[in-house]
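Fold and contact review
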Amino acid sequence: MPTRQAPRKRRTRQHVIADQSVTYVERFIIDEGHTTQRLAPDYGYDLVLFTYDEEGYVEPGVAFLQLKASDSWPPAGAHYVFGLDIRDYNLWMAEDAPVFLVLFDATRRRAYWLYVQQYFEKDASRQPAKGAKKVRVEVPRRQAVSRRGVAKLRHWKENAIR
């Protein structure tokens, strides 16, 4: 007969898929010749992206990535919709370095990225309403995290520095 154990901290499914999201994204970054630094505790950023040129020399500047993991993201046409916390929005829009939101779908083992500052600067109607606690973002399904996707993140980082 099993004995009842005292309450302990428990590793949940959300913890597992959060870790999966980080290793999934890091694999493509490393394969593309770049590196990341994991941040803990997380106050709005999970990874810092460092890029390197074709000869392996570090390039100036960084980009920040915030990962969100779910067992599935319901598609809305050509996008996935995410309710972004207004506190993250406020931090990211004040950031000089590019910030990329990454949605990881643990069931499909796929991730999709959004360049946050560009998304809001491109269309004024996307700005949050006064007093809002969240703002809706649409992450394009065509912007998959892949080696090609990482090359695009690098491109946006280089453009932000200029």
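Read on for a plain summary of the structure.

The rules we used
- Residues numbered from 1 in each chain as written.
- Predicted model: local features only at pLDDT ≥ 70, side-chain atom pairs only at ≥ 80, totals over all residues.
- Heavy atoms only, no water.
- Buried < 20%, exposed > 50% of the residue type's maximum accessible area, 1.4 Å probe, protein only.
- Helix = DSSP H or I, 4+ residues; strand = E, 2+ residues; numbered from the N terminus.
- Pairing = 2+ DSSP bridges.
- Axes fitted to C-alpha atoms, helices over the stretch in contact; angles between N-to-C directions.
- 1 Å grid on protein atoms, 1.4 Å probe; cavity = no way out; pocket = protein on both sides within 12 Å on 5 of 7 lines; lining within 4 Å.
- Points joined across faces, edges and corners; volume = space filled by probe spheres on them.
- Patch = residues over 30% accessible without salt bridge, like charges linked within 9 Å, V, L, I, M, F, W, Y side chains within 5 Å.
- Areas by Shrake-Rupley, 256 points an atom, 1.4 Å probe, with all protein chains shown as cover.
- Salt bridge = Lys/Arg side-chain N within 4 Å of Asp/Glu carboxyl O.
- Lys, Arg positive; Asp, Glu negative; His and termini not counted.
- Charge placed at Lys NZ, Arg CZ, Asp CG, Glu CD.
- Contact = heavy atoms within 4.5 Å.

A look at the pairing of strand β6 (residues 99–105)
Buried residues dominate β6, accounting for 7 of its 7 residues. Where burial is concerned, the two faces of β6 agree: the one with V99, L101, L103 and D105 and the one with F100, V102 and F104 are both buried. Alignment of strand β3 (residues 63–70) against β6, held across 7 bridges, turns out to be parallel. Residue pairing for β6: F64 is matched across the bridge by V99. Where β6 meets strand β7 (residues 110–115), 6 bridges bridge the pair, whose relative direction is antiparallel. Considered in β7, the bridge of D105 is made with R110. From the end of β6 to the start of β7, which pair antiparallel, there are 4 residues, and R109 there has a positive phi angle of about 55 degrees.

A closer look at the sheet that holds β7
Strand order in the open sheet formed by 5 strands is β1-β2-β3-β6-β7, and the pairing between neighbours is mixed. A single partner strand is all that each edge strand has here, and the edge strands are β1 (35–38) and β7. Averaged over all pairs of adjacent strands, the angle between strand axes in this sheet comes to 30 degrees, irrespective of strand direction. Of the pairings in the sheet, the one linking β1 to strand β2 (residues 47–50) comprises 4 bridges and is antiparallel in character. Paired with R38 across the two strands is L47, which belongs to β2.

A word on the layout of surface pockets
If you add up the space inside the largest pocket, you get close to 240 Å³. Lining the largest pocket are 13 residues, with L114, K122, P140, R142 and Q143 positioned closest to its centre. Among the elements of the structure, β7, α3 (116–122) and β8 (134–140) are those that each provide at least two residues to the lining of the largest pocket. Taken as a whole, the second largest pocket encloses approximately 160 Å³ of empty space. Every residue lining the second largest pocket is listed: R11, Q14, H15, A18, D19, S21, V22, D46, L67, K68 and A69.

Section: the pairing of β3
Across the 8 residues of β3, 7 count as buried, placing the element largely inside the fold. When β2 meets β3, the two strands line up antiparallel, connected through 3 bridges. Bridged to L47 within β3 is L65.

Topic: a positive patch on the surface
A cluster of basic residues, K122, R142, R148 and K152, forms a positive patch on the protein surface. Take K152: it is sitting in helix α4 (residues 147–161).

So, the side chain of R154
Looking at where R154 falls in the secondary structure, it is placed in helix α4. A relative accessible area of 15% places R154 in the buried class. With residues up to four places along the chain from it excluded, the contact list for R154 reads H34, T51, Y52, D53, E54 and E59.

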